[in-house]
Structures are given as C-alpha cells and as structure tokens.
Amino acid sequence: ASAVALFTLLTLCPPFDTVIGFANGIPEGVSAPDAATCTALRASTDKNPLLGLQAAIRRGSPEAKLVFAKHASQIVKIQEICNNAAPGFNHDQILKDAKQYGEDAARSGLEQAFTFMAYAHQTGMFGKPDLMQSYAYTLALSRSNKSAELSDRLDFLDKQLTKPQIDDARSFALGCQAAHKL
C-alpha cells in the first residue's frame, strides 16, 4: 500500500503531474505535495516513481498491479521522462503486463480490479474491445454488487453478444466468482 501511495504522490509532482493528469482531480484523501516534499520524494526514489511500484508488483501486491494496469499508457510516458526505458520495454509490453496485472488483481479478489477489467475490455484498453470478457467480469462483480449500473451494463452487453458468447462468458465468470468470494 505504501508503494501505491508513494507512486500517487510522486505523480502529483513535476514533471510527472502532467503525465497522469488525474481526470477527476487529486484522489480522495491525498493533497498535492509542496515543492520541497516533491524534491525529497524524487530523491528518495532515484527520481523514478515506478521503482517502488514495480517492487510492490514483484512482491505480489494486487493494489500495485491494479495501479499499473490503470495507468499503463501513462507509464510509457513516465519511462520516457525518467529516461529509464530498458531495451524492449515498449508500449506493447506495458499493455501486455497491464492486462496480466489487472487479471492478477481480479484473481486476488480486489473488487476495483473487476470494475476496471470490465471497463478495460469493453473499451479496448488492451487492444481490441472484448465484450465477452467485459461481460464476464461484470457478471462476476454483479453477484455481490446488485447496483442498477451493473445491471444496466449487463443488459447492454447481453444485447451485443451471441448465446454461445454469453455461455462462455458465464463459464469464465464462475472462475472469477471464486476469486471474488461470491
């Protein structure tokens, strides 16, 4: 959790503050650090906000994996800013890692990961849109969260898929349910 918090704080500091660009403002419970704090934070992480996040991912943190998955396209830019991109560490690899980390976070039972993965698959964040996977993640999440929004999303996706696709998605969702403790 501390690696995720540190990554979030560092991305609120220049030059990274324009890369992440939190769409809904600064995350709840976080205030933008002042210039002195930003300098100290950058010094403590060798000026690379990804180092702590990557270490937490290697330790298996589902929260860190989800943060990486959510910010995959910005992570490419952070690597460029840090001038720390290893050979072969390209956009395609980051998207592949992001998808895997999102799946790992969902398998850990992290509810936010189910929501993110449903959205990511529906919008094609990992390549082409995959409505069947979106349906599966949404269905698994809907077993414990009976919100109208999830019900509406399932109805929308249901109309976009064939019966065999829905059956396959339901089969996949059974595995997700076990992870989500449904």
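Use the structure listed above.
Just so it is clear, the structure is predicted and the values come from calculations on it, not from any experiment.

About the criteria used
Residues numbered from 1 in each chain as written. Predicted model: local features only at pLDDT ≥ 70, side-chain atom pairs only at ≥ 80, totals over all residues. Heavy atoms only, no water. Phe/Tyr/Trp six-rings, centres within 6.5 Å; stacked < 30°, edge-to-face > 60°. Helix = DSSP H or I, 4+ residues; strand = E, 2+ residues; numbered from the N terminus. Buried < 20%, exposed > 50% of the residue type's maximum accessible area, 1.4 Å probe, protein only. Expected span 1.5 Å × (residues − 1). Arc of directions from axis to C-beta.

A.B. asks: When you look at the packing of aromatic side chains in this model, what are you seeing that I'm missing?
C.D. replies: Here a ring pair, both rings aromatic, is described through the centre-centre distance and the interplanar angle of the planes. Scanning the entire structure with this criterion turns up four aromatic pairs. Between F68 and Y101, the aromatic rings sit 5.0 Å apart at their centres with planes inclined by 80 degrees, giving edge-to-face as the arrangement. A residue pair is termed long-range when its members are at least 10 positions apart, and F68 in helix α5 (residues 62-70) and Y101 in helix α7 (residues 91-107) qualify at 33 residues. We classify Y101 as buried; its relative accessible area is 19%. When the ring of F114 is compared with that of Y137, the centres are 6.0 Å apart and the planes differ by 65 degrees; the resulting orientation is edge-to-face. Here F114, found in helix α8 (residues 111-123), pairs with Y137, found in helix α9 (residues 131-142); they are 23 residues apart in sequence, far enough to count as distant.

A.B. asks: Mind showing me how you'd approach helix α10 (residues 148-160) here?
C.D. replies: Count 3.6 residues to each turn of an α-helix, and residues three or four apart come out pointing the same way. Over its 13 residues, α10 extends 19 Å from the first C-alpha to the last, a length consistent with the 18 Å expected when each residue adds 1.5 Å. L150, R153, L154 and L157 are the residues of α10 that are buried. Down the axis of α10, the buried set is contained in an arc of 100 degrees. They therefore lie on one face. In α10, the exposed residues that point more than 90 degrees away from the buried face are A148, D152 and K159.

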